[in-house]
Amino acid sequence: TGKFTYDPGFLSTASCQSAITYIDGDKGELLYRGYPIEQLAENCDFLETCYLLLNGELPNVTEKAKFVKTVNGHTMVNEQMQFFLRGFRRDAHPMAVLTGLVGGLSAFYHDSTDVQNPEHRAIAAIRLIAKMPTLVAMAYKYSIGQPYIYPRNDLSYTSNFMRMMFGTPCEEYVPNDVLVRAMDRIFILHADHEQNASTSTVRLCGSSGTNPFAAIAAGVACLWGPAHGGANEACLNMLEDIQKMGGVAKVGKFIEQVKDKNSGVRLMGFGHRVYKNYDPRAKLMRETCHEVLAEMGLQNDPLFKLAMELEKIALEDDYFVSRKLYPNVDFYSGIVQRAIGIPVSLFTAIFALARTVGWIAQLNEMIGDPEYKIGRPRQLFVGATARDVTPIAERA
Ligand code: CMC
């Protein structure tokens, strides 16, 4: 003891230097490469945001066209992937499937597995960004027993994803601009968030020199948890539970349960390790939520009304105010996705799709850092001191 600093949960330890994403939790500020998230969400699409995160600058028209063409060149997955998918039960959780599929990519693309080689990393980055929508849509189609819809490269990244999700061979999917824009915004808002649990996992995993697909699969696994990316699914499940209990009339009772520390119940979609004022992504997602519900004629959706009531009470209640607990992005993103027609169990997989670019940008940054070393935390040992083994027959 005394030799190492004890910092459970990394509350005060910076694990790296990074120039990608800046968060000021007190001001509620989020910048990707210096650009405010609000401006990116308003003026850019997801692929421009990917380019920015990967390269440090926004693309001009020519650079963007080239990047889109490169990504489009990799949207298909190896046909063998279908057999891999068939090994899963149809009711498997999409995050279980995605963890497997993403890790499995390393078995298909041998020319992009050397994380130390910049060319390998560059092509792995493009492959992962391009194939993620295809894999998520395949996981969904498999779960409902419909045929896979192959990517179409004349569509935008997000329209293509929506078509692979909702199109069928018998009926062409007609993209709805409001819904496509909402999904694109979900992607932009989730693209990176500095050293959160899954990103730190990707860095730690990648620091051993493992291949980029394996490192990103580790990120997918970490994101699954309800305290992290799984919060959007957990939040929607919570709203459905309150609805079953009796809806808006029971919100007060539910809040009392949350405030009782012995209940173990948390208000999902509330609170954040870094944002102690408000989550700027939540503000943007709230706007999108209103737009999407209006577009779908769902303004009177009971779950949305319930969410608004919960938000109202929680923002006034001393328990939440004194602990600086505000709605986070996932409080609204689940409602938006549900209105778009995305099943609840797929929410976190969509978060993973969006976060993939952030994970790769962070992995690239780490490998390119001359000071980078294999991540190897130390511990404060609190177990038994040295003692002798008693032969088994003599043990009490
Ligand atoms: N509901 C009720 N109480 C809460 C909540 C909540 N959602 N979040 C924190 N608290 C309380 C907690 O009990 C503690 O109280 P006390 O000081 O009396 O012991 C205090 O607030 C501080 O909580 P903490 O757990 O020490 O805070 P943290 O920074 O370790 O946790 C968090 C952050 C996001 C894990 C947590 O707020 C939480 O579990 N929220 C619900 C899950 C969620 O929405 N997660 C999504 C985060 S945003 C998406 C992403 O980036 O992944």
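Residues numbered from 1 in each chain as written. Predicted model: local features only at pLDDT ≥ 70, side-chain atom pairs only at ≥ 80, totals over all residues.

By the naming in an unreviewed UniProt entry, the chain is Citrate synthase, taken from Methylibium petroleiphilum. UniProt lists a comment for the chain under the heading Catalytic activity (unreviewed entry), and it reads "oxaloacetate + acetyl-CoA + H2O = citrate + CoA + H(+)". (UniProt positions renumbered as here; feature names shortened; annotations may be inferred.)

Visitor: Kindly report on the overall build of the chain, identifying the contributing residues and their values.
Guide: Along the chain, the regular secondary structure elements total 17 helices and 3 strands. Computed over the C-alpha atoms, the radius of gyration of the chain is 22 Å, within 12% of the 21 Å expected from 2.2 N^0.38 for a compact globule of 396 residues. Counting only C-alpha atoms, the chain reaches 75 × 55 × 50 Å along its principal axes. Long-range pairs, those at least 24 residues apart, make up 75% of the contacts in the chain between residues at least 6 apart in sequence. (Helix = DSSP H or I, 4+ residues; strand = E, 2+ residues; numbered from the N terminus. Rg over C-alpha atoms; globule rule 2.2 N^0.38 Å. Contact = placed C-beta atoms within 7 Å.)

Visitor: How would you explain the environment of F10 if you had to name every residue and give the values?
Guide: Mapped onto the secondary structure, F10 falls in the segment before β1 (21–24). Among the residues examined, F10 registers 13 C-beta atoms within 10 Å and is labelled partly exposed. The sequence separation of F10 and A197 amounts to 187 residues, and the corresponding C-alpha distance is 9.9 Å. (Buried ≥ 20, exposed ≤ 12 C-beta atoms within 10 Å, placed from the backbone.)

Visitor: How would you summarise the pairing of strand β2 (residues 29–32) if you had to cite specific residues and measurements?
Guide: Every second residue of β2 is oriented toward a common face, the buried set being L30 and Y32 and the non-buried set E29 and L31. Bridge analysis of β1 against β2 gives 4 bridges, and the strand direction is antiparallel. Residue pairing in the sheet places T21 in a bridge with Y32 of β2. Counted along the chain from β1 to the antiparallel partner β2, the turn is 4 residues long, and its residue G28 has a positive phi close to 70°. (Pairing = 2+ DSSP bridges.)

Visitor: Give me the lowdown on the domain arrangement of the chain, citing residues and values where you can.
Guide: Segmentation of the chain into domains returns domain 1 (9–228 + 346–368) and domain 2 (231–340). Once you take the C-alpha centre of each, domain 1 and domain 2 turn out to be 26 Å apart. In this assembly, 24 residues from domain 1 lie in contact with 25 residues from domain 2. Of all the secondary structure elements, the ones that give two or more residues to the side of domain 1 that touches domain 2 are β2, α1 (37–43), α8 (177–189) and α17 (347–368). With 7 residues, the top contributor of residues to the side of domain 1 that touches domain 2 is α8. Across the side of domain 1 that touches domain 2, the residue classes tally to 15 nonpolar, 4 polar and 5 charged. (Domains from an automatic or database assignment. Nonpolar A, V, L, I, M, F, W, Y, C, P; charged D, E, K, R; others polar.)

Visitor: An account of the nonpolar core is needed here, citing residue identities and associated values.
Guide: Counting residues in hydrophobic clusters, the biggest one holds 116 residues, and the most contacted among them are L98, V136, I216, V336 and I350. When residues of this core are assigned to domains, at least three map to each of domain 1 (9–228 + 346–368) and domain 2 (231–340). Setting aside residues no more than four positions away along its own chain, V136 makes contact with L98, A349, I350 and L353. (Core = buried A, V, L, I, M, F, W, Y, C linked by C-beta atoms within 7 Å.)

Visitor: Go over the sheet that holds β1, please, and point to the residues and values.
Guide: Taking strand neighbours across the sheet as the criterion, the 3 strands line up as β1-β2-β3 in an open arrangement whose pairing is antiparallel. Strand pairing shows two members of the sheet lacking a second neighbour, β1 and β3 (35–36), which therefore form its edges.

Visitor: Hey, could you go over the packing of helix α2 (residues 46–55) against helix α3 (residues 61–72) for me, with residue numbers and the actual values?
Guide: For the pair α2 and α3, the least separation of the axes is 10 Å and the interaxial angle reads 100°. With respect to α3, the element α2 is oriented roughly perpendicular. Residues L47, E48 and Y51 of α2 pack against E63, K64, F67, V68 and V71 of α3. In the contact of α2 with α3, the residues fall into 5 nonpolar, no polar and 3 charged. (Axes fitted to C-alpha atoms, helices over the stretch in contact; angles between N-to-C directions. Parallel < 35°, antiparallel > 145°, perpendicular 65-115°, else oblique.)

Visitor: Provide a residue-level description of the packing of α8 against helix α13 (residues 280–295), including the pertinent values.
Guide: It is the contact of α8 with α13, at a shortest axis distance of 10 Å, that shows an interaxial angle of 165°. Between α8 and α13, the angle is such that the two are roughly antiparallel. The element α8 and its partner α13 pack so that their crossing is left-handed. Contact with α8, carried on its side by V178, L179, A182, R185 and L189, involves R281, L284, M285, T288, E291, V292 and E295 of α13 and no other residues of that element. (Left-handed = near helix turned anticlockwise from the far one by under 90°.)

Visitor: Now, about the site of the ligand: what can you tell me, with residues and values included?
Guide: Around the ligand, 20 residues are found, and the nearest of them are A231, R266, G271, R273 and N328. Two domains share the shell around the ligand, each providing at least three of its residues, namely domain 1 (9–228 + 346–368) and domain 2 (231–340). (Near = placed C-beta within 6 Å.)

Visitor: Which residues make up the confidence of the model for the chain, and what values go with them?
Guide: For the chain, mean pLDDT is 94; residues scoring 70 or higher make up 99% of the total. Interface confidence for the predicted complex, given as ipTM, is 0.95, next to a pTM of 0.93. (pLDDT = per-residue confidence, 0-100.)

Visitor: Would you mind going over the environment of A41 in detail, with residue names and values included?
Guide: Inspection of the secondary structure assignment puts A41 in helix α1. The exposure class of A41 is buried, given the 21 C-beta atoms found within 10 Å. Separated by 147 residues in sequence, A41 and I188 place their C-alpha atoms 6.5 Å apart. Apart from the residues within four sequence positions on either side, A41 is in contact with R185, I188, L189 and L284.

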